[in-house]
Amino acid sequence: MPKFAANISLLFAELPYLDRFQAAADAGFQAVEILFPYELAAKETRRALLANGLELVLINAPPPNYTGGAPGYAAIPGGASRFQSDIRRVLRYAQVLRPGFIHIMSGYAAGTDALDCFVQNLQWAADFAPQQTFTIEPLNPMSQPGYFLNDYNLATEVLGRVDRPNVGLQYDSFHAHMIHGDALAVWERFHPSVVHAQIGAAPERSEPGRGPTDFAQLFAAMDDAGYSGWVSAEYAPSTARTDATLAWMRR
Ligand SMILES: O=C(O)C(=O)[C@H](O)CO
Ligand SMILES: [Mg+2]
């Protein structure tokens, strides 16, 4: 059985930010991920992690939060200086928070210039912070219309061209199903590049057990593949209380 983390930007969102850490620990999680931890000083988040014995698996590089704005600049031609200042900012947070992974978002773009730009920016980040592992994640076009990295084949092409040991694939069962129609098949095909995994049930991005994906099979496939990383629950709970949606963890 994989080891599970909680994405506390989506899970336990019924609670104030600093209360979500204890709720995650009480629910049995030993690690969390936070999409955008930038509203608070990093040391406050660090304190909450330590107080609850939680590991931090992942944060996203800025920008933005979910209140609007561009989802990253990495594939935007001409945006290199903005991209580099965002990476410097996330690395300042990372010095305090020590996340296993930093997810770099491509932004809205298309075409070969965007692809070249994405590759170059990822290489720059990888070389600027060789001690840090970065991830890229395909997001489905229904949820993120116009987002550049919208396909696992494209992600594989990008990773091949970036060719750095500290840049890997972030698999998300929700997006994988929405993009390619079968989350398990995507896992089977692309798992050699996966360094971090997230789960949510398509089509609603709800808790595992509510859609067509057989999560018992997916978890078994992760074990069979020898995947030893975190599997982070990243879904919008279908009820007002997150802890009422965790049966999938105990099954
Ligand atoms: O939307 C997702 O699935 C993610 O994991 C991204 O980090 C979006 O912020
Ligand atoms: Mg995700």
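The structure presented is a predicted model; accordingly, all values stated were derived computationally and were not measured. (Residues numbered from 1 in each chain as written. Chains lettered and ligands numbered in written order. Predicted model: local features only at pLDDT ≥ 70, side-chain atom pairs only at ≥ 80, totals over all residues. Heavy atoms only, no water.)

### Details of the site of ligand 1
Inclusion rule: Throughout this document, a residue counts as near a molecule or strand when at least one of its heavy atoms sits within 4 Å of that molecule or strand. Counting of polar contacts relies on pairs of N or O atoms within 3.5 Å, with two restrictions inside protein: one atom must be capable of donating a hydrogen and the other of accepting it, and residues adjacent in sequence are counted only when both atoms are side-chain atoms. Note on residue classes: Ala, Val, Leu, Ile, Met, Phe, Trp, Tyr, Cys and Pro are nonpolar, Asp, Glu, Lys and Arg are charged, and everything else, Gly too, is polar.
Taken together, 14 residues sit near ligand 1, with Asn60, Glu137, His175, Arg205 and Glu234 positioned nearest. Histidine 175 places a side-chain nitrogen or oxygen 2.8 Å from an oxygen atom of ligand 1. For ligand 1, an oxygen atom lies 3.0 Å from a polar atom in the side chain of glutamine 198. The residue inventory of the shell around ligand 1, partitioned by class, reads five nonpolar, five polar and four charged.

### Quick notes on the side chain of glutamine 144
As a reminder of what qualifies: Here a strand is any run of E in DSSP of at least two residues, a helix any run of H or I of at least four, and the numbering for each starts at the N terminus. Contact criterion: two residues are considered in contact whenever any of their non-hydrogen atoms come within 4.5 Å of each other.
In this fold, glutamine 144 is placed in the loop between β5 (133-136) and α5 (152-162). Discounting chain neighbours no more than four positions away, the residues touching glutamine 144 are Pro71, Tyr108 and Leu139.

### Describing the coordination of the magnesium ion (ligand 2)
For clarity, the cut-off: Only nitrogen, oxygen and sulfur atoms count as donors, using a 2.8 Å cut-off from the metal that widens to 3.2 Å for Na, K and Ca. Water is left out, so coordination shells may look unfilled. A four-donor site is classed as tetrahedral when every donor-metal-donor angle falls between 85 and 135 degrees; four donors are called square planar, and six octahedral, when trans pairs exceed 155 degrees and all remaining angles lie between 65 and 115, with any other arrangement labelled irregular. Partly exposed residues are those whose accessible area sits between 20% and 50% of the maximum for their type, while under 20% is buried and over 50% is exposed, using a 1.4 Å probe and protein chains only.
Listed as protein donors to the magnesium ion (ligand 2) are Glu137 (OE), Asp172 (OD), Gln198 (OE1) and Glu234 (OE); their distances from the metal cover 2.0 to 2.2 Å. What the six donor atoms of the magnesium ion (ligand 2) show is an angle range of 74 to 168 degrees at the metal, which sorts the shape as octahedral. Read in sequence order, the donor residues for the magnesium ion (ligand 2) give the motif E-x34-D-x25-Q-x35-E. Residue glutamate 137 is found in the loop between β5 and α5, and its partner glutamate 234 is found in the loop between β8 (230-233) and α9 (247-250); the two are separated by 97 residues along the sequence. The residues glutamate 137 and glutamate 234 share a single accessibility class, namely buried.

### Things to note about the UniProt feature "active site" (unreviewed entry) in the chain
Cut-off, in case you're wondering: UniProt positions are given in the numbering used here, feature names are shortened, and annotations may be inferred rather than shown by experiment.
The positions UniProt marks with the feature "active site" (unreviewed entry) are Glu137 and Glu234. These annotated residues cover 98 residues of sequence, and their C-alpha atoms all fall within 13.1 Å of one another, placing them together at a single site. Contacts of glutamate 137, omitting those with residues within four sequence positions, involve His103, Tyr147, Leu149, Gln170, Asp172, His175, Gln198 and Glu234. Glutamate 234 sits in the buried class, given a relative accessible area of 4%.

### Overview of the packing of aromatic side chains
Here is the rule: Two aromatic rings from Phe, Tyr or Trp, using only the six-membered ring of Trp, form a pair when their centres are within 6.5 Å; if the ring planes differ by under 30 degrees the pair is stacked, by over 60 it is edge-to-face, and anything between is tilted. Remark: a charge is flagged as sitting over a ring if the NZ atom of Lys or the CZ atom of Arg is within 6 Å of the ring centre and within 35 degrees of the ring normal.
According to the stated counting rule, one finds 14 aromatic pairs in the structure shown. Ring geometry for tyrosine 17 against phenylalanine 21: centres 5.4 Å apart, planes inclined by 85 degrees, an arrangement best described as edge-to-face. On the accessibility criterion, tyrosine 17 (22% relative accessible area) is partly exposed. The interplanar angle of 50 degrees and the centroid separation of 6.0 Å between the aromatic rings of phenylalanine 215 and phenylalanine 219 together place this pair among those described as tilted. Of this pair, phenylalanine 215 and phenylalanine 219 both sit in helix α8 (residues 215-224), separated by four residues, roughly a single helical turn. Members of the aromatic cluster, each reached through a chain of ring pairs, are Phe4, Phe215, Phe219, Tyr235 and Trp248. Directly above the aromatic system of tryptophan 230 lies the positively charged group of lysine 3, at a separation of 4.4 Å from the ring centroid.

### Quick word on the packing of helix α4 (residues 112-128) against α5
The test is simple: Note on definitions: angles span 0 to 180 degrees between N-to-C directions of axes, and those axes are lines fitted to C-alpha atoms, for helices only across the stretch in contact. By definition in this entry, angles of less than 35 degrees are roughly parallel, angles greater than 145 are roughly antiparallel, angles of 65 to 115 are roughly perpendicular, and the rest are oblique. A clockwise turn of the near helix away from the far one marks a right-handed crossing, whereas an anticlockwise turn of less than a right angle marks a left-handed crossing.
Taken N-terminus to C-terminus, the directions of α4 and α5 make an angle of 50 degrees; their axes are 9 Å apart at the nearest point. Considered as vectors, α4 and α5 are oriented oblique to each other. Every pair of crossing elements has a handedness; the one defined by α4 and α5 is right-handed. Of the residues in α5, those in contact with Leu115, Asp116, Phe118, Val119, Leu122 and Gln123 of α4 are Leu154, Glu157, Val158, Arg161 and Val162. In the contact of α4 with α5, the residues fall into seven nonpolar, one polar and three charged.

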